[in-house]
Structure formats: structure tokens, C-alpha cells
Amino acid sequence: MDLDKYKKAWDNQPEETNKVSKVDIYKMAHSKSSSIVKWIFIIGMLEFIFVATINTVFRINPSDYKELNNPIGENLFWLEIITYIIIIYFLIQFYINYKSISTSDNTKTLMKKILRVRKTVKSYVFLNLAIVFVASIIAISFMFTSNEFEHTGFAFYATIIFFSVVLIAVILVLYWLFYQLLYGILLRKLNKNYKELSKLEDLN
């Protein structure tokens, strides 16, 4: 949807013909926004299925952590539970946002709901990056508390810490790029739609 073209159409057409109305443009913006939010929900569902599949394939029972005499590893199990809770919560929010936008009845309401969608997605991405960060810290702690590293020197620990920090940074950047690919494109389209609706509102 190109709002400038429609604005030129208004300027050039006779008043009595009213070929392109603001209502028509709003309907197009509404349909486009609803479609984008629907795709956000679909991608969230696919991500949930992917995460659940990976966790099922590579899951370690909490009792196995005790056999390894390393209680830190057990935290990964609880982190997994928290991850599921967060993903399910945001999937519900994505669905609510989609249904909410589908029933918007005016430009201002639609604009407010678009802002809510953007805020929800950004919060979801931020929490997922936080989970990845915490999981990385727990994994590194698991390694440092294992018996294999009891008699190593300071230089060895310093080297491991340095490379661990670099590894965590790389993992976070990769995850951020991954989420930019998944949700960033849709959010940019939604933001463009918001700006066009804002111009339309200014014409009222």
C-alpha cells in the first residue's frame, strides 16, 4: 500500500466521484496489519514446536544430574520449564493481538494495537536472549565445577573465561540476528503500516 499515490488520487479526482476513499485505505491497512500479526503468531508456533522437539531429543532427566554430582546442571531443567512458560505466555499474547487487530474499528484503535504488537514482540525477543544468556552461564558453571578442572592453574581458568565470554557474545549475536530475520522483517513492515496510518489520521 502506497499512501502517497492515494493522496495524489484524491487531489486529482473530482470531488463527486470519490474513487478512493479513506475508508478504502483504512481497510487495506487493516487487512495488511492483521496478516502481519497472523504471521508473527504462526512463526511463534513453529518456534515453539522446534524448541520442544530439540528439548525432547536431547533432554536429560533431573535425576541424571544428581548422578553426575553436579547440582548446577539441574538448573538447566528448571530453565527449560521457565522457557516453556514464557513461550506459551507470549504465544497466547500473539494470538490475542491477532484477534484484537482483526476486530479494530477505527484508525486510532488500530494504531494503538500495532504499538502493542511491537512491544510484545520486542519483549519476547529480549526474554529469549536473556534465557540464552542464563543457559550459557549455567553451562559454563557446570564445566568449571566438574572434577576434570579441579587441579588446573589460574592461566587455564583465565583462558577458559575469556573464550567463554567470546562464545556467549557470539551466541547472543547469532540469536539476535536469527530473531531479526524471523520477526524483524515483519516488525518493519508493521512499522511502515503504522506510519501510513498516522498520515491517514492526519488527513482527518
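Since this is a predicted model, take the numbers as computed values, not measurements.

**Q** I'd like to hear about the overall build of the protein, residue by residue, with values.
**A** Of the regular secondary structure elements, the protein holds six helices and zero strands. Starting at the N terminus and walking to the C terminus, you meet the elements of the protein as α-α-α-α-α-α. Sorting the 204 residues of the protein into buried and exposed places 35% on the buried side. Sequence separation of at least 24 residues holds for 79% of the intrachain contacts in the protein that already meet a minimum separation of 6. A total of about 12,900 Å² of accessible surface is found on the protein, and carbon and sulfur atoms cover 66% of it.

**Q** Talk me through the environment of isoleucine 88; I want residue IDs and the actual numbers.
**A** With respect to the element layout, isoleucine 88 can be found in helix H4 (residues 71-102). Accessibility expressed as a relative area gives 41% for isoleucine 88, which makes it partly exposed. As a C-alpha pair, isoleucine 88 and glycine 44 span 44 residues in sequence and 9.2 Å in three-dimensional space.

**Q** Run through a nonpolar patch on the surface, naming residues and quoting values.
**A** Taken together, the side chains of Phe162, Phe163, Val166, Val170, Val173, Leu174, Trp176 and Leu177 define a hydrophobic patch exposed on the protein surface, amounting to about 780 Å² of accessible area. Here tryptophan 176 lies in helix H6 (residues 154-202). Since its relative accessible area comes to 42%, tryptophan 176 is described here as partly exposed.

**Q** Requested: an account of the environment of phenylalanine 133, with residues and values cited.
**A** With respect to the secondary-structure elements, phenylalanine 133 resides in helix H5 (residues 107-144). By relative accessible area, which is 39% here, phenylalanine 133 ends up partly exposed. Along the chain, phenylalanine 133 and alanine 169 lie 36 residues apart, while their C-alpha atoms are 8.8 Å from each other. Sequence-distant contacts of phenylalanine 133, defined by excluding residues within four places in its chain, comprise Ile168 and Leu172.

**Q** Outline the layout of surface pockets, supporting the account with residue identities and numerical values.
**A** What the second largest pocket holds in volume is close to 160 Å³. Lining of the second largest pocket is provided by Val121, Lys122, Val125, Trp176, Tyr179, Gln180, Tyr183, Gly184, Leu187, Arg188 and Asn191. Within the residue set of the lining of the second largest pocket, elements represented by two or more residues are H5 and H6. When residues of the lining of the second largest pocket are assigned to their parent elements, the largest contribution, eight residues, is made by H6. A breakdown of the residues in the lining of the second largest pocket according to their chemical character gives six nonpolar, three polar and two charged.

**Q** Mind laying out the packing of aromatic side chains, listing which residues take part and the relevant values?
**A** Inspection of every chain in the model, using the stated rule, returns twelve aromatic pairs. Through a chain of ring-to-ring contacts, the aromatic side chains of Tyr89, Phe90, Phe94, Tyr124, Phe178, Tyr179 and Tyr183 assemble into a single cluster.

**Q** Before we move on, could you go through the nonpolar core and cite the residues and values that matter?
**A** The biggest cluster of nonpolar side chains holds 33 residues, and the ones touching the most others in it are Ile40, Phe94, Val121, Tyr183 and Leu197. Of all the elements in the fold, those that place two or more residues in this core are helix H2 (22-58), H4, H5 and H6. Looking at this core, the element that brings in the most residues is H5, giving ten residues. Among residues more than four places away in sequence, those in contact with tyrosine 183 are Ile40, Ile43, Gly44, Glu47, Phe94, Val121, Tyr124 and Val125.

**Q** Give a detailed account of the environment of isoleucine 92, specifying residues and quantitative values.
**A** Relative to the assigned elements, isoleucine 92 resides in helix H4. Along the backbone, isoleucine 92 and phenylalanine 41 are 51 residues apart, and their C-alpha atoms lie at a distance of 8.8 Å.

What counts and how
Here, residues in each chain are numbered from 1, in the same order as that chain's written sequence. Local features in this predicted model are restricted to residues of pLDDT 70 or higher, and side-chain atom pairs are both shown and tallied only at a pLDDT of 80 or more, whereas totals for entire chains, interfaces and linings draw on every residue. Side-chain figures throughout are based on the complete set of non-hydrogen atoms in the structure, without hydrogens or water. Each helix is a run of DSSP H or I of at least 4 residues and each strand a run of E of at least 2, with the numbering of both proceeding from the N terminus. Exposed residues in this analysis have more than 50% of their type's maximum accessible area, buried residues have under 20%, and partly exposed residues fall in between, with area computed by a 1.4 Å probe over protein chains only. The criterion used for residue contact is that any of the two residues' heavy atoms lie within 4.5 Å. To measure how exposed things are, a 1.4 Å probe is used in the Shrake-Rupley method; for residues, cover is taken only from the protein chains shown. Any residue with relative accessible area above 30% and no salt bridge may belong to a patch, with like charges joined within 9 Å and the nonpolar Val, Leu, Ile, Met, Phe, Trp and Tyr side chains within 5 Å. Think of a salt bridge as a Lys or Arg side-chain nitrogen and an Asp or Glu carboxyl oxygen that are within 4 Å of each other. Both site types are read off a 1 Å grid over the protein atoms alone. A 1.4 Å probe that fits but cannot get out defines a cavity, while an open set with protein on both sides within 12 Å along at least five of seven lines defines a pocket; lining residues have an atom within 4 Å of a point. Grid points are joined across faces, edges and corners, and a volume is the space filled by probe spheres set on the points. Under the scheme applied, nonpolar residues are Ala, Val, Leu, Ile, Met, Phe, Trp, Tyr, Cys and Pro; charged residues are Asp, Glu, Lys and Arg; polar residues are all the others, including Gly. Two aromatic rings, drawn from Phe, Tyr or Trp (for Trp, its six-membered ring), form a pair once their centres lie within 6.5 Å of each other, and the interplanar angle then sorts them: stacked below 30 degrees, edge-to-face above 60, tilted otherwise. In this description, a nonpolar core means a group of buried Ala, Val, Leu, Ile, Met, Phe, Trp, Tyr and Cys residues linked to one another through side-chain atoms lying within 4.5 Å.

Interpretation note: all reported values are geometric properties and have no functional meaning in isolation.
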